[in-house]
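Working through the structure, step by step
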Amino acid sequence: QNVRVLGVPMDLGADRRGVDMGPSAIRYGGLADRLDDLGFDCIDGGDIAVPRPEAGDPDANDLPDGRTKFLPETREVCADLSAAVAATRADGEFPLVLGGDHSIAMGTVDGATDPDEELGIVWFDAHGDFNTPQTTPSGNIHGMSLAGILGKGRFGETPWARAPGVSEENVVLVGLRSLDEGERKLLTESDVTAFTMSDIDTRGASTVVQEALAIATDGTDAIHVSLDLDWLDPTEAPGVGTPVRGGVSYREAHIAMEHVADNSASLRSMEVVEVNPILDEHNRTAELACELVSSAFGERIL
Ligand code: ARG
Ligand code: MN
Ligand code: MN
Ligand code: MN
């Protein structure tokens, strides 16, 4: 199958500049060659246009009961990304999206699914990204994108975001170790399954990830895999905007992606987000991202 790479140099959803260079860093890390070696035809679909933060006022759209930095700009980028992902699928190619901050997931998922379908999601992340415009402590949309996909929270009178075809019971978070007060409450009241780092410590990454994939594939037409590089421990992946100690190891991340590959028949789309080469050690995090994508696409030593 052909894999079409879509870069999204997006940093409007995060505080620290530099994630906008993620797509370049991952390409430079050798992504296309690795996928070609695995027998895929890797086509580069270029980058989605993203406005510069200097061109807008982040807080221009804040309401008394809702904060969302750069909401109109983010919606526009996500709409363009959604169209590019949908076009990729229509051409029979596999969409592989390179971020950019995690706000882009709202666009990827929107383009990956259809209203008459059920899409499962496995979200590998240190964070829940389950804040809403009402609960966010930062105003940063990358911390709200999963809640947005599920239509949680509002902006004025209307929902502020929603992707079609995604139900809470088909969404699984893996690797949680950082939650804000408000998002913790929302998450525990939801039907989303959340596996924390404690679950991985006690039951093992392999078991937990297989269970996550079983939940996301059960009763759905396909699954989307969203890989936030801050899921890994910062010693392995230092080049991320919001590192949190105590993440998964290099080996745990690989076995997880090998289990993703075991489910390749269900895999509809994948995205790799939050790589920040400015904060990195010699592009190590982007290179790791390329290795993990390779494992998810079936790379094995024997
Ligand atoms: N929970 C924090 C916030 O809402 C951090 C979110 C980090 N998200 C991410 N995709 N790296 O701002
Ligand atoms: Mn995230
Ligand atoms: Mn659609
Ligand atoms: Mn994160």
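A few points on the structure.

Criteria and cut-off values
- Residues numbered from 1 in each chain as written.
- Chains lettered and ligands numbered in written order.
- Predicted model: local features only at pLDDT ≥ 70, side-chain atom pairs only at ≥ 80, totals over all residues.
- Heavy atoms only, no water.
- Helix = DSSP H or I, 4+ residues; strand = E, 2+ residues; numbered from the N terminus.
- Expected span 1.5 Å × (residues − 1).
- Buried < 20%, exposed > 50% of the residue type's maximum accessible area, 1.4 Å probe, protein only.
- Near = heavy atom within 4 Å.
- Polar contact = N/O pair within 3.5 Å; in protein donor to acceptor, adjacent residues only side chain to side chain.
- Nonpolar A, V, L, I, M, F, W, Y, C, P; charged D, E, K, R; others polar.
- Donors = N, O, S within 2.8 Å, 3.2 Å for Na, K, Ca; no water.
- Phe/Tyr/Trp six-rings, centres within 6.5 Å; stacked < 30°, edge-to-face > 60°.

Focus: helix α3 (residues 71-90)
In this model, α3 (20 residues) spans 28 Å end to end at C-alpha, consistent with the 28 Å of a helix rising 1.5 Å per residue. By the burial criterion, the buried members of α3 are L71, E73, T74, V77, C78, L81, S82, A84, V85 and T88. Among the residues trailing α3, G92 stands out with phi positive, at a value near 75°.

A few points about the site of ligand 1
Contacts to ligand 1 come from 13 residues, most closely from D129, N131, S138, D180 and T242. Within the contact set of ligand 1, an oxygen atom lies 2.6 Å away from a side-chain nitrogen or oxygen of S138. Within the side chain of E274, one N or O atom sits 3.3 Å away from a nitrogen atom of ligand 1. Classifying every residue of the shell around ligand 1 by side-chain character gives no nonpolar, 7 polar and 6 charged.

Here's the deal with the coordination of the manganese ion (ligand 4)
The protein atoms that coordinate the manganese ion (ligand 4) are D125 (OD), H127 (ND1), D228 (OD), D230 (OD) and D230 (OD), at distances spanning 2.1 to 2.4 Å. For the manganese ion (ligand 4), the donor residues sit on a single chain with the sequence spacing D-x1-H-x100-D-x1-D. Between the two metals, the manganese ion (ligand 4) and the manganese ion (ligand 2), the spacing is 3.2 Å, and D125 donates to both. Remark: D230 occurs in the loop between β7 (222-228) and α9 (250-262) and H127 occurs in the loop between β4 (119-124) and α5 (145-149); sequence separation between them is 103 residues. A relative accessible area of 13% places H127 in the buried class.

Comments concerning the packing of aromatic side chains
Counting across every chain of the model gives 3 aromatic pairs. Here F40 and F297 contribute two aromatic rings whose centre-to-centre distance is 5.2 Å and whose plane-to-plane angle is 90°, an arrangement assigned as edge-to-face. With F40 in the loop between α2 (31-37) and β2 (41-47) and F297 in the segment after α10 (284-296), this pair connects stretches of sequence that are 257 residues apart. Pair check on accessibility: F40 and F297 agree, each one buried. On the basis of an interplanar angle of 50° and a centroid distance of 4.7 Å, the ring pair of F124 and W231 is categorised as tilted. Of the two residues, F124 sits in strand β4 while W231 sits in the loop between β7 and α9, which places them 107 residues apart along the sequence.

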